[in-house]
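# Topology and contacts: notes
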Amino acid sequence: MMKLLYSYFKLFLFFSIFLFIMGLKFMNKNYSMMIEYEVLTLNSSSMMMVILLDWMSLLFMSFVLFISSMVIYYSAEYMAEEKNLIRFILLVILFVLSMMLLIISPNMISILLGWDGLGLVSYCLVIYYQNMKSYNAGMLTALSNRIGDVAILMAIAWMMNFGSWNYIYYLEMMKGDSIMEMISYLIVLAAMTKSAQIPFSSWLPAAMAAPTPVSSLVHSSTLVTAGVYLLIRFNFSLTDNLLYLLLFVASMTMFMSGLAANFEYDLKKIIALSTLSQLGLMMSILALGSYKLTFFHLLVHALFKALLFMCAGNIIHNMMNCQDIRYMGNLMEKMPMTCTFFNICNLSLCGLPFLSGFFSKDLIVEFMSMNYLNIYIYIIMYISIGLTVSYSFRLSYYSLIGDFNFLSLNVVSELSMIMLKGMGGLILFVIFSGSLLEWVMFFEPIFICLPMVMKLMALIMIIMGMFIGYEVAKFKLGYSLKSLKFMTFSLFSSLMWNMPLISTLGVNYYPLFLGKVYTKIFDQGWHEYYGGKNLKLLAKFSQVSQSFSRSHLKIYFLLLILWVVFLLLNI
Amino acid sequence: MANLPVGLVSHTRRVQTLYKKAVRSLEDWYDRREVFRYHAVLMRQRFDQNKDICDMRVAKDLVEKGEKELFEKQHWHPRKFPESPGGVAYGREVVPPDWVVDYWHPLEKAQYPEYFARREERKKEFMKAWEKKYGKPQISTH
Amino acid sequence: MMKFLITLLFLIPLCFCYNYWLMVNCFFILSFMFMMNYSFNNLYLNVSYLFGNDLLGYIFILLSFWICALMLLASEKIYKIDNYYYLFNLMVLLLMMSLFLVFSSMNLFIFYVFFEVSLIPTLILIMGWGYQPERIEAGIYLLFYTLLVSLPMMISIFYMYNCMGTMMLMFMNYQFNLLMYFCMNLVFFVKMPMFFIHLWLPKAHVEAPISGSMILAGVMLKLGGYGLFRLMSLFILVGLKINFIIVTISLVGGFFVSLICVYQSDMKSLVAYSSVAHMGMVLAGIMTLNIWGFWGSLVMMLAHGLCSSGLFCLVNIVYERIHSRSLYLNKGLLNMMPSLSFWWFMLCSSNMAAPPSLNLMGEIILLNSLVSYSSLSMILLMFLSFFSAVYSLYLFSYSQHGLYYSGMYSVYQGVFREYLLLLLHWLPLNFMIIKSELWVLWI
């Protein structure tokens, strides 16, 4: 079993390096490659399985494979006591495979292979544990993602107007055409479900019911970025109105999740919410018009978020599945290495210079400042950056320093070498990948010209965020709790603006109620009445005709008269 | 089932429950030990203030008010031990019953000959011990 | 053609030879032999005595062979408890023969005759080997829903002969009026089944033994689609006027039925209702009268035949262990039979049209046809494909996930026969998509 695991680790690592070098080569030569396999041709429109290899897909694949190789290595210890380890590993492998298929398909139909595959495999991974929480979370995840699948199916149906599903050839045509714009609307809908943008946000924190390696791989760096990646591919087809809508939704998502993370107590959910906020950031920069920056942030974020989850997993593993940050504290002394990694990732997430997150995030906000849109976007962007720092520092404050709050009988220590090795494989890239990727991806620097204050705005917000994060987490004797005082506000924001309620209880009542109505009134009601149950009408008819053949003189004469009447009528 | 009212709850029990829940709720809110202790003492004081009220109407009213306050001030993410009901890891593992192994296919069983040989032995021992304790089982024909 | 027919005929003595597995083998050999018959064009081949097949008929005959073989494989229990299995074999054989003749007859009247004949072995399967007393009612429903509308068809076939002077399917060239449209097609609508007249289907499925369910879902429903494929060319003019009603009924009905699925607690009836929803899409696709619709319907029927038959097998495998089809008792099976759970997932996900199943191909082609028919149908199609995921996942997760039923005291882990059975359902379902052109060439 472990052998299988390690062989997959080696395989993935090999392919990751291989694809990375290929990606650099392709980028350098500005080269791309398409491989087509024809599945079906109907009336000259052919459904094809297409593989597109260009620098973007190769680089993304290499990153995904690298992270997954590390995660697989990591889960050798994390999941060591698991009875169903083979199932787990194979699901993770299948997941990576679907992600690959998603990345390399520039065809609406063959992308379904990856897209649906991601949804289904992530469903299996979320319900990997057998408790009710993961059951509900899995259903929520799968059905939210299914909305996106349906949107893609509809986009396929609508793309038949072009007669082909190789969307990359038609992107500009979609933009110009008011009817074909529908495709890009549907694609944005699909991407919003996969990347958990606002109406569909609730599944991402819920999906934290999965085992932590899964969260690390699936719900931070790969699955949720699938939507962003799709939009990166589609970005030439998005019209201005659509981009405004996307920008609004994405910025709200970013703000909402940053706020919610400040009120959350579940370690994994905080990180999930921070993923959500970063996804909002990616989406908004995409909507502002720079798909390359989106891709840059996507890659960098994938690295540090995966490592962040792995650190969290190590902590959770050592704390006997306890995820509540109120039970943590003073982990700095107990598990120094993990906490170091944790801190580096957190600071990178905050965008502290010169960690990897800084390069992408700072560039994004400066890009946003450069093409001034309106004050709302400006403010919400900076506030969200501040909130990111705030919840990161709150998290550090709660878990890393202070008193040790866990139960008395514990073995919180850093004995898990395999896990640490898996994490250590990522840490260098968390630190360096930002600058590395920036030098590789942006041949000419992006022109940024800002006044001093605006240039420093990001740093100012970071420092303010640090301060606020420290303040909100601080406790003093006799300190009256603000979140208790403003109960409605804190409830509202901690429940992610009530979205989990709306997307579970809010939508499942009517379908179930209607199902009941249709069963009772149609299937067991009128359909039976006018169908099967009134078959006895036939019996009644035969009763009547039976009476004709009784040997009764009156009937005999009556029939005779009738016969004569018919005879006469026919003449 | 726990929420179904089964039997009468005396006033004392009700107050005790309320107190316990209130303190637990404080534990959710004030997550530093010393701060929690401080607020727990304050909470105790609030209960102690009204402990001598003999008028049942007033007392009942107070308890109801307290329950309402507790409801309004419940935490959105109460502290739970991971393996206790409501916790994150509650019911994660479902242990399949032991008899599942008995229903393995013979070919599968043949892959672990030693284990199954010993298992059969243990079964016999168990049956012997059971019969020794309870006597032979009566075979009922109905 | 004759060689297969004669082979089937001479298999009859084998039914009474008390050798069950030989019979299964013969069916498999026949289906593999029949695979050799594949032709890469859409002409009628192997023509002799009014029988012959083009690709459409070929696909359905192959499906019937396959499903009949799997039926025998699935009903080992009948053999094990010696429940008149030689008669059971005979019934399956007769069913196969009549299906073979239905799909290979080039003559409309012979098609009609064997269309009716195929009902009788199915009825006997349900009445004879079903489990509950309610099977009598289910049998009556099955028989009368079909018979009530098939007699008008007989009369209208005679009228057709009067008009056209021939019964040969390939020579038919005429346009009939509305009355003829309903007289001819209503029987296919019932068989499909269209919403409103689908009531016999869940009843029959719930009461039928596994073999009955498999053949019903696998092939009998497809008879309706097959008939419509053959005869829709006679009703193009009237169809252009009123087909939208049928499309609407089947799409709205499909949506309603999907909601009904979510309300079910009986696994078998859930699967049965899900086939009503899928066949609603198929019917709508045929009714669009465009080539995408026809192709999509064919692919979808093929896929659905394998997929829902496989789901019935799964339900039966569980039923044989726990003796209940209730979703409240069949819980946490993942912990009992993990390998079987894998097949549950594969077939449930195929049922919700996940790639790379043939269902997805069918659904995509049908979506294309229906959306090009009317873009408003997108709204209903969205709901349909969303709710297909809802009930498939509901079925999977409710039965597989979580704590097992505590009153369960024995679960046999599963034998190779069962896994083979499921593999043979799943393999064609997911591998035929690789070269799916072969299945849609027939027009």
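Residues numbered from 1 in each chain as written. Chains lettered and ligands numbered in written order. Predicted model: local features only at pLDDT ≥ 70, side-chain atom pairs only at ≥ 80, totals over all residues.

Under the annotation held in an unreviewed UniProt entry, chain C carries the name NADH-ubiquinone oxidoreductase chain 4 and is attributed to Callosobruchus maculatus. Turning to chain C, the UniProt annotation filed under Sequence similarities (unreviewed entry) states: "Belongs to the complex I subunit 4 family." Of the comments in the UniProt record for chain C, the one headed Catalytic activity (unreviewed entry) reads "a ubiquinone + NADH + 5 H(+)(in) = a ubiquinol + NAD(+) + 4 H(+)(out)". (UniProt positions renumbered as here; feature names shortened; annotations may be inferred.)

If you look chain A up in an unreviewed UniProt entry, it shows as NADH-ubiquinone oxidoreductase chain 5 from Callosobruchus maculatus. For the record of chain A, the UniProt heading Subcellular location (unreviewed entry) holds the text "Mitochondrion inner membrane". The annotation that UniProt attaches to chain A under Catalytic activity (unreviewed entry) is "a ubiquinone + NADH + 5 H(+)(in) = a ubiquinol + NAD(+) + 4 H(+)(out)".

Residue and element names in this part refer to chain C. By the bridge criterion, 2 bridges tie strand S1 (residues 45–48) to strand S2 (residues 51–53) in an arrangement that is antiparallel. If you follow Ser48 over to S2, its bridge partner there is Phe51. Linkage of S1 to S2, two consecutive antiparallel strands, is achieved through a turn of 2 residues, within which Tyr49 is found at a positive phi near 50°. (Pairing = 2+ DSSP bridges. Helix = DSSP H or I, 4+ residues; strand = E, 2+ residues; numbered from the N terminus.)

We now examine the interface of chain C and chain B. Between chain C and chain B, the residue contacts involve 10 residues of the former and 8 residues of the latter. Taken together, the residues that form the side of chain C that touches chain B break down as 6 nonpolar, 4 polar and no charged. (Contact = placed C-beta atoms within 7 Å. Nonpolar A, V, L, I, M, F, W, Y, C, P; charged D, E, K, R; others polar.)

Next up on the list: the packing of helix H12 (residues 291–318) of chain A against helix H14 (residues 336–350) of chain A. Residues and elements named next belong to chain A. At a minimum axis separation of 9 Å, H12 and H14 run at an interaxial angle of 145°. When the axes of H12 and H14 are compared, the crossing they make is left-handed. Judged by residue contacts, Phe304, Leu307, Leu308, Cys311, Asn314 and Ile315 of H12 engage Thr338, Phe341, Phe342, Cys345, Asn346, Ser348 and Leu349 from H14. Among the residues making up the contact of H12 with H14, the classes are represented as 9 nonpolar, 4 polar and no charged. (Axes fitted to C-alpha atoms, helices over the stretch in contact; angles between N-to-C directions. Left-handed = near helix turned anticlockwise from the far one by under 90°.)

Contacts between the two partners involve 40 residues from chain C, matched on the other side by 44 residues from chain A. When residues in the side of chain C that touches chain A are grouped by element, the largest group, 8 residues, is from helix H19 (residues 377–400) of chain C. Class assignment of the residues belonging to the side of chain C that touches chain A gives a composition of 31 nonpolar, 8 polar and 1 charged.

Quick look at the UniProt feature "domain: NADH:quinone oxidoreductase/Mrp antiporter transmembrane" (unreviewed entry) in chain C now. As recorded in UniProt, the feature "domain: NADH:quinone oxidoreductase/Mrp antiporter transmembrane" (unreviewed entry) lies at residues 105–388 of chain C. When the span residues 105–388 of chain C is considered, its composition is 78% helix and 0% strand, and the gap between its end C-alpha atoms is 35 Å.

So, about helix H3 (residues 56–72) of chain B. The periodicity of an α-helix, 3.6 residues per turn, causes residues three or four positions apart to be oriented the same way. The end-to-end C-alpha separation of H3 of chain B is 24 Å, in line with the 24 Å expected for 17 residues at 1.5 Å each. Counting buried positions along H3 of chain B yields 0 of 17 residues, so the element is predominantly exposed. (Expected span 1.5 Å × (residues − 1). Buried ≥ 20, exposed ≤ 12 C-beta atoms within 10 Å, placed from the backbone.)

On to the pairing of strand S1 (residues 33–42) of chain A, then. Residue and element names in this part refer to chain A. With respect to burial, S1 is a largely exposed element, only 1 of its 10 residues being buried. Bridge count between S1 and strand S2 (residues 45–53): 9 bridges; the pairing is antiparallel. Each residue of the ladder has a partner; that of Thr41, found in S2, is Ser46. Taking the residues that link successive antiparallel strands as the turn, the S1-S2 hairpin has 2 residues, and the phi of Asn43 there is positive, at about 50°.

Below, the discussion takes up the UniProt feature "domain: NADH:quinone oxidoreductase/Mrp antiporter transmembrane" (unreviewed entry) in chain A. Sequence positions flagged by UniProt for "domain: NADH:quinone oxidoreductase/Mrp antiporter transmembrane" (unreviewed entry) are, in local numbering, residues 105–385 of chain A. With 76% helix and 0% strand, the stretch residues 105–385 of chain A has end C-alpha atoms that lie 33 Å from each other.

On to helix H6 (residues 85–104) of chain C. Compared with the 28 Å implied by 1.5 Å per residue over 20 residues, the 28 Å span of H6 of chain C between its first and last C-alpha is a close match. With 16 of 20 residues buried, H6 of chain C lies mostly within the body of the structure.

Attention shifts here to the domain arrangement of chain A. Bring the parts together and some accessible area is lost; that lost area is often taken as the interface size. What the domain assignment reports for chain A is domain 1 (239–294 + 314–481) and domain 2 (533–571). A straight line from the C-alpha centre of domain 1 of chain A to that of domain 2 of chain A covers 89 Å. (Domains from an automatic or database assignment.)

The next thing to look at is the packing of helix H9 (residues 212–234) of chain A against helix H11 (residues 267–288) of chain A. Residues and elements named next belong to chain A. Between H9 and H11, the least distance of the axes is 11 Å, while the angle of their chain directions is 15°. In terms of orientation, H9 lies roughly parallel with respect to H11. Note that H9 runs across H11; the crossing there is right-handed. From H9, Thr212, Ser215, His219, Ser220, Val224, Val228, Leu231 and Ile232 reach across to H11, where they touch Lys268, Ala272, Thr275, Leu279, Met282, Met283 and Leu286. (Parallel < 35°, antiparallel > 145°, perpendicular 65-115°, else oblique.)

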